[in-house]
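Topology and contacts: notes
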Amino acid sequence: MSKDEHFDVCIIGSGAAGGVMAKELCEGGAKVMMLEAGKGIAPWELLSHKWPYELPFRGFRGEKQAPFYQGDVAKSIAYADSDNISIDRVRVLGGRTMHWNAVTLRYAPRDFKEWSLQGIEEDWPLTYEELAPFYDRIEQTIGVCGNDDHLDILPAGKNYLPPIPWRCSEHIMNRATSAMGIPLIAVRKAVLTRPYDKRLPCHYCGHCMDGCDVASIFSTPDCMLPKARATGNFTLRQNALAREVLVDGEGLANAVSFIDTETRVEQQVKAKIVVVCCSTVESARLLLNSRSPKHPAGLANASGRVGHHLNGHLNESLSIYLEELEGQKPSNQDGATDHVYVPRYNQLFGKTNYVGGWGFQVNYSSYMFPHQATRLPGYGTAFKEKVRRMQPGCLSFGSWGKVTSDYRNYVTVDPARLDAHGIPTPVVHFRFSDNDHALWQAAKQSMLEVSSHMKGTVFPSFGKGPTGFASHEVGTVRMGKDPHTSVLNSYCQARDVKNLFVTDGSCFTTSSEKNPTLTIMALSLRAADFIKEQRKKGEL
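To start, this report covers the structure provided alongside it. Counting from 1, residues in each chain are numbered in the order their sequence is written. Only residues with pLDDT of at least 70 get local features here, since the model is predicted, and only at 80 or more are side-chain atom pairs given and counted; chain-wide, interface and lining totals rely on the full set of residues. Only hydrogens and water are set aside when side-chain values are computed; all heavy atoms of the structure are taken into account.

Another aspect to go through is the layout of surface pockets. In this analysis, the protein atoms alone were mapped onto a 1 Å grid. Cavities are point sets where a 1.4 Å probe fits without being able to get out; pockets are open sets with protein on both sides within 12 Å along at least five of seven lines; lining residues have an atom within 4 Å of a point. Grid points are joined across faces, edges and corners, and a volume is the space filled by probe spheres set on the points. Approximately 510 Å³ is the volume attributed to the second largest pocket. In this structure, the second largest pocket is lined by 20 residues; those nearest its centre are Trp51, Pro330, Tyr367, Met368 and Gln391. Only Asp, Glu, Lys and Arg are considered charged, only Ala, Val, Leu, Ile, Met, Phe, Trp, Tyr, Cys and Pro nonpolar, and every remaining residue, Gly among them, polar. In the lining of the second largest pocket, the residues fall into nine nonpolar, six polar and five charged.

Structure follows, in structure tokens:
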């Protein structure tokens with residue numbers, strides 16, 4: 001990149017949001033620069049198929065995912081006055097699309113109307129009906145397997161690939177949930193079950209969270225960036241950690257200052273439009289660090305809401321070793337991690353003392369590790385035989401529940417606490433609400449009830465209180481109807497800075513129990529269409 005080179009658009013971040021933006025804007029004729037703080041990992045560098053005994057610490061220290069946490073990203077964050085939560089930020093080309101389970105669920109119409117229907121939080125500034133066409137386009141682009149299960153709480157798409165076959169344990173769970181009036185369905189995942197878009201189908205190795213070396217699971221580097229490059233309009237700068245979005249005399253964004261993490265030299269990229277896709281906490285951090293005379297409280301922060309309303313998912317997990325499968329001959333059950341999903345069902349059984357609900361993700365852990373071995377007493381031959389006998393019956397599931405959006409939960413930056421490149425780091429302040437605690441208690445009880453309908457040994461993993469956010473945090477640069485309580489309009493455009501857009505999970509008004517990634521991509525696609533239209537009109 002020459003010092004005097006200018007771009008139509010600078011996209012910061014290469015995950016789900018940034019990938020959609022890059023493809024769409026490049027295909028729309030814009031000259032795009034993408035800044036990524038990490039670097040790419042080649043397929044042959046992935047450790048996906050290594051057995052635990054082949055790894056330095058036998059898999060106990062997350063070696064397979066370690067390449068996705070480059071630099072000091074895991075350390076450059078602090079928590080103050082906070083409940084038991086963690087923010088799992090990654091730094092690699094492709095962002096979290098390199099390290100995700102690919103569950104792709106649409107929000108339901110009611111998820112956009114919490115105030116109208118439940119009297120809490122705020123309604124989104126757009127409806128499901130407005131977003132549905134963008135869900136359609138994203139699903140068709142990335143390839144999603146599953147079925148239309150005709151559920152109001154989980155709207156379906158039109159272009160699903162064949163679903164993933166169920167395991168024996170999942171059929172047994174289905175017997176239990178069906179007897180309770182609870183639906184259990186084929187999971188909807190961005191995983192290919194047949195050749196699609198010049199990509200190979202899944203070979204069911206069970207490493208969806210470890211990086212996919214054959215591009216069967218959706219990732220930005222495999223699916224979006226090749227299309228962006230094919231236009232001739234795309235430039236990628238890796239190892240480029242954004243420090244600040246710079247503005248002109250009118251307060252409009254005109255450049256991004258970044259640190260080359262290899263040379264430690266600060267550089268700038270000029271652009272007419274800036275799109276922030278860094279992730280929920282990192283996007284808030286960048287805007288709060290972008291202070292100027294026109295934006296003394298941080299960029300786009302006239303409302304004072306940047307960083308506030310942090311929320312996401314609370315979660316718990318449980319394992320059961322099913323008696324009717326114990327002692328069977330070992331077989332390969334790895335599959336594509338999740339094969340089935342239990343959509344939210346608590347709304348089917350009458351009024352509750354809390355708002356929101358939860359869904360169950362099932363068998364999302366790898367079968368490579370005998371988790372029961374750490375929970376059984378004993379030693380020696382008899383102990384090993386018991387571990388082996390139980391392993392074929394392993395069934396695990398976890399609840400992912402809604403966390404309420406609250407102004408009092410926020411991210412700020414600490415000028416006295418700098419990362420390895422001299423940039424103030426984020427500080428997280430978060431407390432679960434009374435509603436969150438009530439929902440957590442109900443979800444735990446329901447998990448035990450479901451497991452009681454199956455014969456086996458149950459190992460709950462419940463803590464003393466809710467935990468979060470399972471990498472599903474949202475809300476710190478949220479969109480809304482009221483300029484006083486939100487930062488962005490319905491097109492993810494900053495109200496204070498018309499040429500600034502934020503399209504990652506930070507733009508969510510509220511969250512539901514559903515995984516956020518498909519909605520992030522649909523919102524990014526809608527924002528990209530808006531940007532293309534505004535550019536044609538000369539408004540941007």
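Next comes the rest of the write-up.
Our next topic: the sheet that holds strand S14 (residues 424–429). Within a sheet, neighbouring strands are paired by backbone hydrogen bonds and run either parallel or antiparallel to one another. When DSSP finds at least two bridges between two strands, those strands are taken to pair. Helical segments are the DSSP runs of H or I of at least four residues, strand segments are the runs of E of at least two, and each set is numbered from the N terminus. Taken together, the three strands give an open sheet; going across it, the order is S3-S14-S13, and neighbouring strands pair in mixed fashion. Two strands lie at the open edges of the sheet, namely strand S3 (78–79) and strand S13 (410–418), each paired on one side alone. Here six bridges tie S13 to S14, and the two strands are oriented antiparallel to one another. Its bridge partner lying in S14, Thr412 is registered against Val427.

The amide bond that connects Gly468 to the next residue, Phe469, takes the cis arrangement and shows omega of 5 degrees. Position of Phe469 among the secondary structure elements: in the loop between strand S16 (467–468) and strand S17 (500–502). Phi at Ala215 is positive, roughly 65 degrees, even though this residue is not glycine. Looking at the element boundaries, Ala215 is found in the loop between strand S4 (185–186) and helix H5 (220–223). Each residue gets one of three labels from its accessible area relative to the maximum for its type: buried under 20%, exposed over 50%, partly exposed in between, using a 1.4 Å probe on protein chains only. Residue class for Ala215 comes out buried when judged on its relative accessible area of 12%. Positive phi values are uncommon outside glycine, yet His309 reaches one of about 70 degrees. Its location among the elements puts His309 in the loop between helix H7 (280–289) and strand S9 (313–322).

Before going further, it helps to examine the environment of Ala230. If you trace the backbone, Ala230 turns up in helix H6 (residues 225–230). Relative accessible area serves as the criterion here: at 67%, Ala230 is assigned to the exposed category. Considering only alpha carbons, one finds Ala230 and Lys23, 207 residues apart in sequence, at a separation of 9.4 Å.

So, on to the packing of aromatic side chains. Note on ring pairs: Phe, Tyr and Trp rings are taken, using the six-membered ring of Trp, and paired if centres are within 6.5 Å. Classes follow the plane angle, with under 30 degrees stacked, over 60 edge-to-face and the rest tilted. This model, assessed by the stated rule, comprises 18 aromatic pairs. Geometrically, the ring pair formed by Phe112 and Trp124 is edge-to-face, given 5.0 Å between the ring centres and 70 degrees between the ring planes. On the criterion of sequence distance, the pair formed by Phe112 in the loop between S3 and helix H2 (114–118) and Trp124 in the loop between H2 and helix H3 (128–142) is long-range, its members being 12 residues apart. The exposure classification of Phe112 matches that of Trp124, with both residues buried. Three or more aromatic residues joined by ring pairs form one cluster here, namely Tyr345, Tyr354, Trp358, Phe360 and Phe397. The ring of Phe57 carries Arg61 above its face, with NZ or CZ at 3.9 Å from the centroid. We count a charge as sitting over a ring when the NZ of a lysine or the CZ of an arginine lies within 6 Å of the ring centre and within 35 degrees of the ring normal. One residue, Arg526, lies across the ring of Tyr491, its end atom 4.1 Å from the ring centre.

Before going further, it helps to spend a moment on the packing of helix H1 (residues 16–27) against helix H10 (residues 517–537). What counts as an axis is a line fitted to C-alpha atoms, over the stretch in contact for a helix, and the angles between N-to-C directions run from 0 to 180 degrees. Where H1 meets H10, the axes come as close as 8 Å, and the angle between the chain directions of the two elements is 30 degrees. One element, H1, and the other, H10, form an angle in the roughly parallel class. Considering only the axes of H1 and H10, their crossing is right-handed. Two secondary-structure elements touch here, H1 through Ala16, Ala17, Val20, Met21, Glu24 and Leu25 and H10 through Thr517, Ile520, Met521, Ser524, Leu525, Ala527, Ala528, Asp529, Ile531 and Lys532. A per-class count over the contact of H1 with H10 returns 11 nonpolar, two polar and three charged. What sets the label is the angle itself: under 35 degrees gives roughly parallel, over 145 gives roughly antiparallel, 65 to 115 gives roughly perpendicular, and the rest give oblique. Put simply, a crossing is left-handed when the front helix is turned counterclockwise from the back one by less than a right angle, and right-handed when it is turned clockwise. Any two residues whose heavy atoms approach within 4.5 Å at even a single point are treated as in contact.

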